[in-house]
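A closer look at the structure
The primary structure of each chain is shown beneath.
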Amino acid sequence: MNITLNYQALTPEDFNAVIHLATEVHGEGYLDQASMKAWYDKGFKNNINSGFVVYHDDKLVGFRITYAIEQWQIDEWCSPELWPVAAEKVCYFKCNTVDENYRGHGIGGELLRRSIAAAKLQGATAGVSHLWKQSPGNSAVKYFTKCGGILIKEHPDRWRELSLAGYECPVCHNDCHCEAAEMMVVFD
């Protein structure tokens, strides 16, 4: 793909386009204005933003939402006792999304690199994420592994509660049984 891509920090002006792309890729009910604002706010620490977007001309083709250290809650889907670094130094890679017509060209990896650089400036020494194992060809896990991610633990039915509350999984619809791979990238 020989096109010019414009990577930039996520801003509130990007919210509508991010929600639209998230709905196309992840399904109806995945993201709305309220959750978008909450996710955006969790990306800041020390006035540093760890969220990024990428445009091709005026079209949003990808985004990365990352929660800064100490800006997110460790829940039952996290296994800090298995992490090789202290939990208070771990950021959370919430969501990486690339338009299906732009995949396979390094956009997801570049978005992750930019988030890692910002997270390091915020004080993080590692980042954890829950990767969707039912993504086409298990591409989410493959991409994260290629970026240095190591498997921590697998979590069946990770998004089931959300699907029963209205999220429509693109695979399972309103009764999601997809599995998450809890994975971590330790920064050098």
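Below, the structure is looked at part by part. (Residues numbered from 1 in each chain as written. Predicted model: local features only at pLDDT ≥ 70, side-chain atom pairs only at ≥ 80, totals over all residues. Heavy atoms only, no water.)

What about the state of the cysteines?
- In total, this model carries zero disulfides according to the counting rule given.
- In this structure cysteine 91 is a free cysteine whose sulfur lies 12 Å from that of cysteine 78, the closest cysteine sulfur available.
- Exposure remark for cysteine 91: the relative accessible area of 0% places this residue in the buried category. (Disulfide = S-S within 2.5 Å. Buried < 20%, exposed > 50% of the residue type's maximum accessible area, 1.4 Å probe, protein only.)

Some thoughts on the pairing of strand S4 (residues 52-56)
- For S4, the buried fraction is high: five of the five residues fall into the buried class.
- Residues Phe52, Val54 and His56 line one face of S4 and the alternating positions Val53 and Tyr55 line the opposite face, and both faces are buried.
- Pairing of strand S1 (residues 5-9) with S4 involves five bridges; the strand directions are antiparallel. Of the residues in S4, the one forming a bridge with alanine 9 is phenylalanine 52.
- Of the pairings in the sheet, the one linking S4 to strand S5 (residues 59-67) comprises five bridges and is antiparallel in character. The partner of tyrosine 55 across the bridge, within S5, is leucine 60.
- Here S4 hands over to S5 after two residues, with aspartate 57 in that stretch at a positive phi of 55 degrees. (Helix = DSSP H or I, 4+ residues; strand = E, 2+ residues; numbered from the N terminus. Pairing = 2+ DSSP bridges.)

Topic: the side chain of arginine 64
- Structurally, arginine 64 can be placed in strand S5.
- Buried charge without a partner: arginine 64 forms no salt bridge, and the closest opposite charge is glutamate 110, 11 Å away.
- Side-chain polar atoms of arginine 64 contact the side chain of tyrosine 143, separated by 2.8 Å. (Lys, Arg positive; Asp, Glu negative; His and termini not counted. Salt bridge = Lys/Arg side-chain N within 4 Å of Asp/Glu carboxyl O. Polar contact = N/O pair within 3.5 Å; in protein donor to acceptor, adjacent residues only side chain to side chain.)

Observations concerning helix H4 (residues 139-146)
- For H4, the full list of buried residues reads Ala140, Val141, Tyr143 and Phe144. With its buried residues spanning 165 degrees around the axis, H4 presents them on a single face. Pointing more than 90 degrees away from the buried face of H4 are the exposed residues Lys142 and Lys146.
- Contact partners of the buried residues in H4: S5, strand S6 (90-98), helix H3 (107-122), strand S7 (126-132) and strand S9 (180-186). (Arc of directions from axis to C-beta. Contact = heavy atoms within 4.5 Å.)

Purely geometric stuff here, so don't read any function into it on its own.
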